[in-house]
Each structure stands twice: as C-alpha cells, then as structure tokens.
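# Close look at the chain arrangement
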Amino acid sequence: MRAAWALKGTQATVPITGANAKRVLFGAIDLRTAHRVVLVRPRAGAADAQVFLREVRRRYRAAGTIWLLADRASAHTAARTQMLAAALGIRFLWLPKQAPELNAMDQLWRELKRLIAANRQATSVNALASDAADWVLGLTPQQACRKAGMASKHFWLRNLIEDFWPPT
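My aim in this report is to walk through the structure given alongside it, one point at a time. (Residues numbered from 1 in each chain as written. Predicted model: local features only at pLDDT ≥ 70, side-chain atom pairs only at ≥ 80, totals over all residues. Heavy atoms only, no water.)

Tallied over the full model, the rule gives two aromatic pairs. Taking the centre distance of 5.8 Å and the plane angle of 25 degrees together, the rings of Phe26 and Phe52 count as stacked. Highlighted residues: Phe26 in strand β1 (residues 24-29) and Phe52 in helix α1 (residues 46-59), separated in sequence by 26 residues. Taking the centre distance of 4.9 Å and the plane angle of 15 degrees together, the rings of Phe92 and Trp94 count as stacked. Its relative accessible area of 12% is what places Phe92 among the buried residues. (Phe/Tyr/Trp six-rings, centres within 6.5 Å; stacked < 30°, edge-to-face > 60°. Helix = DSSP H or I, 4+ residues; strand = E, 2+ residues; numbered from the N terminus. Buried < 20%, exposed > 50% of the residue type's maximum accessible area, 1.4 Å probe, protein only.)

This part takes up the nonpolar core. Core analysis: the largest hydrophobic core is formed by 21 residues, its most contacted members being Leu25, Ile29, Leu108, Trp109, Val136 and Met150. Excluding its chain neighbours within four sequence positions, the residues that come into contact with Val136 are Arg36, Val38, Met105, Leu108, Trp109 and Leu112. With 17 residues, the next largest nonpolar core counts Val37, Phe52, Ala70 and Leu84 among its residues. (Core = buried A, V, L, I, M, F, W, Y, C linked by side-chain atoms within 4.5 Å. Contact = heavy atoms within 4.5 Å.)

Within the sequence span of helix α3 (residues 79-88), burial applies to Thr81, Leu84 and Ala85. Along the axis of α3, the buried residues cluster in a sector spanning 100 degrees; they form a single face. Among the exposed residues of α3, those oriented more than 90 degrees off its buried face are Ala79, Arg80, Met83, Ala86 and Ala87. Of the surrounding secondary structure, the elements contacted by the buried residues of α3 are α1, α2 (74-77) and β4 (90-94). Once α3 ends, the next one or two residues include Gly89, with phi positive near 75 degrees. (Arc of directions from axis to C-beta.)

Bringing the packing of α1 against α3 into the picture now. Close contact between α1 and α3 brings their axes to 9 Å; oriented N to C, the two are set at 10 degrees. Between α1 and α3, the interaxial angle falls into the category roughly parallel. Residues Ala46, Gln50, Leu53, Arg54 and Arg57 of α1 lie in contact with α3, whose contacting residues are Arg80, Thr81, Leu84, Ala85 and Leu88. Across the contact of α1 with α3, the residue classes tally to five nonpolar, two polar and three charged. (Axes fitted to C-alpha atoms, helices over the stretch in contact; angles between N-to-C directions. Parallel < 35°, antiparallel > 145°, perpendicular 65-115°, else oblique. Nonpolar A, V, L, I, M, F, W, Y, C, P; charged D, E, K, R; others polar.)

Attention shifts here to α1. Given 3.6 residues per helical turn, the α-helix brings residues three or four places apart onto the same face. For α1, with 14 residues, the first-to-last C-alpha span of 20 Å sits near the 20 Å given by 1.5 Å per residue. Looking only at α1, the buried set comprises Asp48, Ala49, Gln50, Phe52, Leu53, Glu55, Val56 and Arg57. Contacts from the buried residues of α1 go to β1, β2 (36-41), β3 (66-70), α2, α3 and β4. (Expected span 1.5 Å × (residues − 1).)

Counted under the stated rule, the structure contains five salt bridges. Put simply, Arg41 and Asp48 hold a salt bridge, and the shortest N to O gap is 2.9 Å. We classify Arg41 as partly exposed; its relative accessible area is 21%. Glu111 is the partner of Arg114 in a salt bridge, and the nearest nitrogen-oxygen pair spans 3.0 Å. In this pair, Arg114 and Glu111 both sit in helix α4 (residues 104-117), three residues apart, roughly one turn of the helix. Its relative accessible area of 44% is what places Arg114 among the partly exposed residues. When its relative accessible area of 13% is taken as the criterion, Glu111 is described as buried. (Salt bridge = Lys/Arg side-chain N within 4 Å of Asp/Glu carboxyl O.)

Listed below in structure tokens is the structure:
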C-alpha cells in the first residue's frame, strides 16, 4: 500500500494477498513501434531472465541483432544469461545504475504501479500479475509511447529513433 488512512487512535487494516506472494513482470518495448513484450514469472532470477530472452527472440524471429536496454541486475549480468543472449543474437546496452528515468519500460512500470497496483487489493497475486500484464499490453502504441516518455521531445533516444527509423 502506498497510502492508507484510519481514524485517529486506531490501527489501519491492511489486507494482503497472502504469504508474501510475489510475481515479477519482465518487459520490453520496441522504441520504433511501441510493441510490448511482457512475461510474468515467479522470480527475478537468471533462469527467469533467460526465459524472457527466449520469448523476445521468439517474438522477433525475423529480426537481426536485437539491442536490449538493461540495468545491471544480477539476472541480466549472469554468465549463462550473457551466453544465451549472444547465442540468440541479443546484445545488451547497459544503462547506468540507479537511472530508471532512462528506461522506457521503467516508466511504464511506474504508471502501472500507480494506476493498477497501488492501494488496491487483488483476489490473488496471479490475478494482479495478469491485470498488470493486460494493462501494459492493452495500451495503444500512442498511449505506450506517451506513458513511457518516448513521445517527449526530450526523450534521450529520440535522435536515434529518427535517424535509424524515419517515419514511413
């Protein structure tokens, strides 16, 4: 819960989904088309990151090298993750530590938390994860670009997008 209230002098009741249940959403957004890939996993370990890499490659079979912006989370930097990425033709571009403002997906996650998860009780952690994934995937490309900060004239990769993928 981000915020709660209770009568002065009483304890606020905070419902929980149960037993510290957790799901992790892995996601990527195509800077050119705003197409999103979201995968719900039980953990955020290297094996889960590797499943996500396979899913990205499956979704972009015909693409040559896939360039993936990533933070330096241990799941991304693990030797096996790096070897799999190389075998799949996926190259990581490392973002600076503690710089979520540079990652378009982090901006979508922030909006998702605010609109879908914060101060709301879900029937189960799986239902919440499904609602979250549906929200991200249900955005129109224009909504996704705007919420991810990619539509801003100050978006740090704007020139890259315009230089490599001119409008058709």
